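The chain contents come next:
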Amino acid sequence: MSNPGIRLAYGPERLQFGDLHLPDGAGPFPAAILIHGGFWRKPYDLTLMTGLAADLARRGIAAWNIEYRRVGDANGGWPNTLLDAAQAADYVLTLGARYPLDLDKIVTIGHSAGGQIALWLAARHRIPPGSVLAPPHTPFALAGAISQAGAIDLEMTWRMNLGSGAAAELLGGSPTKVPDRYAAASPAALLPLGVPHVLVHGTIDDRVPYAMSEAYFTAAQAADDDVTLITLQGVDHFALIDPASQAWAKTVAALQKLLIA
């Protein structure tokens with residue numbers, strides 16, 4: 001039987017919840033914060049990551065699979081989509097007081113648009129002061145972050161018109177119209193993150209092209225950041241969230257390396 005997880009609210013809004021998947025045993029367990037993709041839009045939800053969460057729990061790694069308000073939801077989009085993700089990540093500290101989690105070993109993993117959020121959560125300490133996204137307190141330190149075919153450069157996402165205007169929908173305009181929003185929300189604009197992070201991307205991805213991670217990797221290296229690019233030859237966009245795939249196995253190996261660093 002698959003593990004559905006423990007559904008817990010991290011805030012008062014209807015979509016401010018997540019599913020916590022715990023391994024068997026006493027713990028404490030390292031944990032992954034899972035963030036689903038879908039170009040930040042309403043039709044897609046956390047069930048995209050449920051199989052991965054259950055797989056991690058079987059491997060002895062807890063998973064906090066989060067939901068958040070998306071474009072198309074009431075009050076979704078700018079800035080609440082990102083603020084919800086930040087609130088869900090911070091809620092790990094509350095979870096750690098109730099469940100056997102090792103708070104020194106927390107890694108974010110996000111797919112597609114969730115990849116942007118995963119790296120953005122690692123970069124929150126870099127958000128310019130005065131931005132509505134700037135955290136009111138110092139965020140807790142992550143052990144690492146993993147982007148799976150992530151839309152991790154929002155200006156490039158806009159230029160390439162990925163998701164038929166998804167970046168402009170999320171941020172409420174183009175980089176020319178709302179440059180401060182792109183500067184505060186795009187991991188590429190926040191380099192160096194100062195947190196070890198990994199980019200996993202397939203070369204035949206037709207949703208978020210491999211060139212996205214390739215360009216980000218070059219920029220992160222130039223910024224002297226701790227970044228790794230895992231190139232998956234002949235792999236498409238959705239193989240990365242198939243728990244039976246080699247693409248996921250490589251992601252798990254990268255996660256395990258981050259957790260023992």
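What counts and how
Residues numbered from 1 in each chain as written. Predicted model: local features only at pLDDT ≥ 70, side-chain atom pairs only at ≥ 80, totals over all residues. Heavy atoms only, no water. Core = buried A, V, L, I, M, F, W, Y, C linked by side-chain atoms within 4.5 Å. Buried < 20%, exposed > 50% of the residue type's maximum accessible area, 1.4 Å probe, protein only. Helix = DSSP H or I, 4+ residues; strand = E, 2+ residues; numbered from the N terminus. Contact = heavy atoms within 4.5 Å. Pairing = 2+ DSSP bridges. Axes fitted to C-alpha atoms, helices over the stretch in contact; angles between N-to-C directions. Salt bridge = Lys/Arg side-chain N within 4 Å of Asp/Glu carboxyl O.

**Student:** Lay out the nonpolar core with the relevant residues and their values.
**Tutor:** In summary, soluble globular proteins display a tendency toward joint burial of nonpolar side chains. Counting residues in each nonpolar core, the largest one holds 63 residues, and the members touching the most others are Ile33, Trp40, Trp64 and Tyr216. Among the elements that line this core, the one with the most residues is helix H2 (residues 80-98), at eight residues. Look past the residues within four positions of Tyr216 in its chain and what remains in contact with it is Leu119, Ile152, Pro187, Ala188, Leu191, Leu193, His197, Leu199 and Val227. Core analysis: the second largest hydrophobic core is formed by 27 residues, Met49, Ile146, Trp248 and Leu255 among them.

**Student:** Explain the sheet that holds strand E5 (residues 101-111) residue by residue, including any values.
**Tutor:** Strand order in this open sheet of eight strands is E1-E2-E4-E3-E5-E6-E7-E8, and the pairing throughout is mixed. Every interior strand has two partners, whereas the edge strands, strand E1 (6-9) and strand E8 (227-232), have only one. Adjacent strand axes in the sheet meet at a mean angle of 20 degrees, parallel and antiparallel pairs treated alike. Bridging between strand E7 (residues 197-202) and E8 involves six bridges; their strand directions are parallel. Residue Gly202 lies in a different strand from E8, and its bridge partner there is Leu232. Relative to E5, H2 is tilted by about 150 degrees, and along the sheet it contacts E1, strand E2 (17-21), strand E3 (29-35), strand E4 (62-66) and E5.

**Student:** Before we move on, could you go through unusual backbone geometry and cite the residues and values that matter?
**Tutor:** Residue Gly27 is joined to Pro28 through a cis peptide bond whose omega torsion reads 5 degrees. Structurally, Pro28 is set in the loop between E2 and E3. In the Ramachandran plot, Ala149 falls in the positive-phi region, its phi being about 50 degrees despite a non-glycine side chain. Overall, the relative accessible area of 0% leaves Ala149 in the buried class.

**Student:** I'd love a proper account of the pattern of salt bridges, names of residues and values included.
**Tutor:** In a structure, side chains of opposite charge can pair up when their charged atoms sit close to one another. One pass over the full model with this rule turns up nine salt bridges. Across the pair Asp19 and Arg7 runs a salt bridge whose closest N-O atoms are separated by 2.8 Å. Residue Asp19 is located in strand E2, and its partner Arg7 is located in strand E1; the two are separated by 12 residues in the primary sequence. Owing to a relative accessible area of 5%, Asp19 belongs among the buried residues under this scheme. Across the pair Asp73 and Arg70 runs a salt bridge, and its minimum N-O distance is 2.9 Å. Each member of the pair, Asp73 as well as Arg70, carries the same accessibility label: buried. Within this structure, Asp55, Arg58 and Arg59 form a network of salt bridges that share partners.

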